[in-house]
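As a plain string of letters, each chain reads:
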Amino acid sequence: MTHHAISSPVLPGATIGVLGSGQLGRMFALEARRMGYRVHTFSPDTDTPTGQVADREVVAAYEDLGAVREFARQVSVVTFEFENVPAATAQAVAEIVPVRPGGEVLHIAQNRLREKTFLANQGIPCAPFHHVRTLSELESALAKLGTPAILKTAGFGYDGKGQVRIHNRSEAASAWETLGGEECVLEGYISFDREISLVAARGINGDFAHYGLIENQHVDGILDLSVTPPLLGTEQVNIEAEAIAITRLILEALDVVGTLCVEFFLTSDCKLLVNEIAPRPHNSGHLTLDAHVTSQFEQQLRAVCGLPLGSTERLRSAAMANLLGDLWEQGTPNWASVLALPNLNLHLYGKEDARPGRKMGHLTALAETPEEALQRVQAARHALLSPSRALLRLLQ
Ligand code: AMP
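Caption draft 1: A look at the overall build of the chain. When helices and strands are counted, the chain shows 13 helices and 16 strands. With respect to the three principal axes, the spread of C-alpha positions in the chain is 60 × 55 × 40 Å. Buried positions account for 54% of the 396 residues belonging to the chain. Counted over contacts in the chain with a minimum sequence separation of 6, partners at least 24 positions apart contribute 63%. Total accessible area on the chain stands at roughly 17,000 Å², and carbon and sulfur atoms take up 50% of it. For the chain, the distance from the average position of its 33 positive side-chain charges to the average position of its 45 negative side-chain charges is 3 Å.

Right, dumping it as structure tokens:
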């Protein structure tokens, strides 16, 4: 166990290192720069969402430990925005500067089997699961769990990638082949009533702060909409305290210093099951940038720098809609039409190549009620597909 308490805080003016270079790192870097920090990012890619707004973009393979050490020597503390950084990379950094959260958290969160085993050992409820290494293990796991079930690769999965739904037992062989015969986890299918998440943070001295529940809707395994506060039925409102207790237990058991998100299924009989842990800011928490006093990214910065956590007070109800590359299929979205709408913020991640399913940006709408915020953000996203005035003039 590391003794966080004895290290002195990393103050504004210092340089923070970020492993990974996607939109999470970008939003982190923008918050860090607002507070007077410098940011260096490390990943194998160039002109990245994070690199575009960082002071320095280091381009090298995660396995290039020489480059990793050189990167670590230039910064005061290292955090990550991408949890699939190899363990050896985090270890090489940790020999030079603190990595927060620590490599052990990465190790558990980057593998579904380790994550589920950790949850089960802590007595935290999650979907029933079996470890599957061969087709015959898959067949016997299906016999025990029944169908429908979901087969997920143990390692390196996100946004619904590396998973297939199995509707009946005759589909076992094709599902096994689809995932390439890799080590997997077979999960029982949960017919949930809602999906919710809790974004929380833990400081270096063990302080804890959370943002309240956020409700999420996914399409094809990718987050589509988030809204806070969630639109819970009267019989469901009591689950918030339980979600907070579970999240706090996870942060403490893993000795996390930083922001972490727990995704839950809420079943129709009001049971909470943990689906996934993300040991970093999360897509469902993007609305904290616009709706809360301290965003999930500023909170990560404060935590990893050993500073006090900020207020998580929510100022307005809010809803977030993801903007996937699919929106670009008919040409550039109509930005002018959405920017004419009130109580709405546009966030774009600086990605040039709008591939279907790729997260390009998001919209956040603020309102007096969550229902109104949700309606506003959906209408706004729809307006992006309306023909632009310039195009209308051309067609006249
Ligand atoms: P994941 O990448 O594991 O978070 O899965 C992405 C989405 O797929 C989830 O947010 C759910 O909407 C759905 N999903 C994943 N696992 C299950 C399950 N065991 N039962 C029902 N739906 C699931």
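Additional details are given in the paragraphs that follow.
Caption draft 2: Region of the structure containing the site of the ligand. In the vicinity of the ligand, 16 residues are found, and the nearest of them are Lys152, Glu187, Ile190, Glu195 and Asn275. The contact in question runs from a nitrogen atom of the ligand to an N or O atom on the backbone of Ile190, over 2.9 Å. Across the complex, the protein chains shield 95% of the 470 Å² of accessible surface that the ligand would expose by itself. Mapped by element, the contributors of at least two residues to the shell around the ligand are β6 (149-153), β8 (184-188), β9 (192-202) and β13 (272-278). Of the residues belonging to the shell around the ligand, the class tally is five nonpolar, six polar and five charged. Counting the residues that make up the shell around the ligand, at least three belong to each of domain 2 (128-188) and domain 3 (192-391).

Caption draft 3: Spatial organisation of the environment of Ile277. Within the fold, Ile277 resides in strand β13. Among the residues examined, Ile277 registers a relative accessible area of 5% and is labelled buried. For the pair formed by Ile277 and Val262, sequence separation is 15 residues and the distance between their alpha carbons is 4.7 Å. When near neighbours in sequence (up to four residues on either side) are disregarded, Ile277 contacts Ala109, Glu115, Phe118, Leu119, Ile250, Leu260 and Cys261.

Caption draft 4: How the structure looks around the nonpolar core. Ranked by internal contacts, the top residues of the largest apolar core, which has 26 residues, are Leu119, Ile250 and Phe264. Mapped onto this core, the elements with two or more residues apiece are α4 (103-109), α5 (112-121), β9, β10 (208-219), α8 (239-253), β12 (258-267) and β13. At six residues, α8 tops the list of elements feeding residues into this core. Here Ile250 is in contact with Phe118, Leu119, Ile124, Leu260, Val262 and Ile277, once residues within four sequence places are set aside.

Caption draft 5: Spatial organisation of helix α10 (residues 296-304). Among the nine residues of α10, eight are classified as buried, and the element is accordingly described as predominantly covered. Where α10 is concerned, the buried positions are Gln296, Phe297, Glu298, Gln299, Gln300, Leu301, Ala303 and Val304. Positive backbone phi, at 75 degrees, marks Gly306, one or two positions downstream of α10.

Caption draft 6: View of the pattern of salt bridges. Taken as a whole and assessed by the stated rule, the structure comprises 20 salt bridges. For the salt bridge of Arg33 with Asp55, the shortest nitrogen-to-oxygen distance reads 3.7 Å. Residue Arg33 is located in helix α1 (residues 23-34), and its partner Asp55 is located in the loop between β2 (38-43) and β3 (56-59); the two are separated by 22 residues in the primary sequence. Looking at Asp55, the relative accessible area reads 31%, which means it is partly exposed. Between Arg280 and Glu83 there is a salt bridge; the shortest N-O distance is 2.5 Å.

Caption draft 7: Inspection of the packing of helix α2 (residues 65-73) against helix α3 (residues 87-94) at higher detail. Running from N to C, α2 and α3 point in directions that differ by 40 degrees, and their axes come no closer than 9 Å. Here α3 runs oblique to α2, going by the angle between their axes. At the point where α2 passes α3, the crossing takes the right-handed sense. Touching Leu65, Val68, Arg69 and Ala72 of α2 are Ala88, Thr89, Ala92 and Val93, all from α3. Each residue belonging to the contact of α2 with α3 can be placed in one class, and the counts come to six nonpolar, one polar and one charged.

Caption draft 8: Local environment of the domain arrangement of the chain. Per the domain assignment, the segments of the chain are domain 1 (15-99), domain 2 (128-188) and domain 3 (192-391). Distance from the C-alpha centre of domain 1 to the C-alpha centre of domain 3: 23 Å. Every contact between the two is made by 18 residues of domain 1 and, on the other side, 19 residues of domain 3. Of the roughly 1,800 Å² buried between domain 1 and domain 3, counting both surfaces, carbon and sulfur atoms make up 65%. By the criterion of area lost to domain 3, the three top residues of domain 1 are Gln23, Leu24 and Met27, representing 29% of everything that side buries.

Caption draft 9: Structural detail: the environment of Cys270. With respect to the helices, strands and loops of the structure, Cys270 is situated in the loop between β12 and β13. With a relative accessible area of 23%, Cys270 lands in the partly exposed category. Cys270 sits 108 residues away from Gly162 along the chain, and the two C-alpha atoms are 29 Å apart. In contact with Cys270, not counting residues within four places along its chain, are Glu235, Gln236 and Ile239.

Caption draft 10: Local environment of α1. Here α1 spans 17 Å end to end across twelve residues, near enough to the 16 Å set by a 1.5 Å rise per residue. Once α1 finishes, Gly36 follows within two positions and takes phi at roughly 90 degrees, a positive value.

Caption draft 11: Highlighting the side chain of Thr50. As for its placement among the helices and strands, Thr50 is situated in the loop between β2 and β3. For Thr50, the side chain forms a polar contact with the main-chain oxygen of Gly22, separated by 2.6 Å.

Parameters and conventions
- Residues numbered from 1 in each chain as written.
- Predicted model: local features only at pLDDT ≥ 70, side-chain atom pairs only at ≥ 80, totals over all residues.
- Heavy atoms only, no water.
- Helix = DSSP H or I, 4+ residues; strand = E, 2+ residues; numbered from the N terminus.
- Buried < 20%, exposed > 50% of the residue type's maximum accessible area, 1.4 Å probe, protein only.
- Contact = heavy atoms within 4.5 Å.
- Areas by Shrake-Rupley, 256 points an atom, 1.4 Å probe, with all protein chains shown as cover.
- Lys, Arg positive; Asp, Glu negative; His and termini not counted.
- Charge placed at Lys NZ, Arg CZ, Asp CG, Glu CD.
- Near = heavy atom within 4 Å.
- Polar contact = N/O pair within 3.5 Å; in protein donor to acceptor, adjacent residues only side chain to side chain.
- Nonpolar A, V, L, I, M, F, W, Y, C, P; charged D, E, K, R; others polar.
- Domains from an automatic or database assignment.
- Core = buried A, V, L, I, M, F, W, Y, C linked by side-chain atoms within 4.5 Å.
- Salt bridge = Lys/Arg side-chain N within 4 Å of Asp/Glu carboxyl O.
- Axes fitted to C-alpha atoms, helices over the stretch in contact; angles between N-to-C directions.
- Parallel < 35°, antiparallel > 145°, perpendicular 65-115°, else oblique.
- Left-handed = near helix turned anticlockwise from the far one by under 90°.
- Buried area = accessible area lost by both parts, 1.4 Å probe.
- Expected span 1.5 Å × (residues − 1).

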